[in-house]
Amino acid sequence: MRTSRRHAVLVVSITACLTVALAARGRQTHEHPPEGGAHHHPKAAALKNAVPPSAASIAAGQALYQKQCAGCHGDTGKGDGAMGEELNPRPSNLTDADWKHGSTDGEIFTVIRDGVKSTGMKAYSRKLTTHQLWDVVNYVRSIGPKTGSH
């Protein structure tokens, strides 16, 4: 009798975990194409840059970038930093027009803040303030493609 009850509890627990996992998967707010190319994050894209891209913000973002990002993305943002050589996938080239996780300020902010699963891109939400994150976005914009997709 005890074995049956334990078995029933185990089955219910596993079912509950699977239900939660599938529900969470269904709530994804970004679009991933089946071939793994560029995709968009509508909720992130809706975020508006809270820090105007002034010379002061870009300079502050550059200093933060050099300290936190250049090791992987390289001094000029081409994805050629020494620490990034061993990463798979390689760090993004921030100067080209291929923005796999979206090219809006909000999408860039979200990638920096939250990181990207299954890559070397770690979350910086605990290392940088929200204002600093936006400064880095403004700097990345200054070295990136001029597409008008702010």
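Analysis parameters
- Residues numbered from 1 in each chain as written.
- Predicted model: local features only at pLDDT ≥ 70, side-chain atom pairs only at ≥ 80, totals over all residues.
- Heavy atoms only, no water.
- Phe/Tyr/Trp six-rings, centres within 6.5 Å; stacked < 30°, edge-to-face > 60°.
- Helix = DSSP H or I, 4+ residues; strand = E, 2+ residues; numbered from the N terminus.
- Buried < 20%, exposed > 50% of the residue type's maximum accessible area, 1.4 Å probe, protein only.
- pLDDT = per-residue confidence, 0-100.
- Contact = heavy atoms within 4.5 Å.
- Expected span 1.5 Å × (residues − 1).

(A) Summary view of the packing of aromatic side chains. Taken as a whole and judged by the stated rule, the model has two aromatic pairs. On the numbers, 5.2 Å between centres and 50 degrees between planes, the contact of Tyr65 with Tyr139 is tilted. In this pair, Tyr65 is assigned in helix α3 (residues 55-68) and Tyr139 in helix α6 (residues 130-143), connecting sequence segments 74 residues apart. For the pair Tyr65 and Tyr139, one class covers both residues: buried.

(B) View of unusual backbone geometry. Here Asn88 and Pro89 are connected by a cis peptide whose omega angle stands at 5 degrees. Inspection of the secondary structure assignment puts Pro89 in the loop between α4 (70-73) and α5 (105-114). In this structure, Ser118 is a non-glycine residue whose phi angle is positive, near 60 degrees.

(C) Region of interest: the confidence of the model for the chain. When the pLDDT values of the chain are averaged, the result is 80; 70% of them are 70 or greater. Mean pLDDT values for the elements of the chain range from 45 in helix α1 (residues 2-26) up to 98 in α3. Taken together, the stretch residues 7-34 has pLDDT below 50 and engages in 13 contacts with residues farther than four places along the chain or on a different chain.

(D) Spatial organisation of α6. End to end, α6 covers 20 Å across 14 residues, agreeing with the expected 20 Å (1.5 Å per residue, within 8%). When you tally the buried positions in α6, you get 10 out of 14 residues, the bulk of the element. Of the positions making up α6, those classed as buried are Leu133, Trp134, Asp135, Val136, Val137, Asn138, Tyr139, Val140, Arg141 and Ile143. Taken together, the buried residues of α6 touch α3 and α5.

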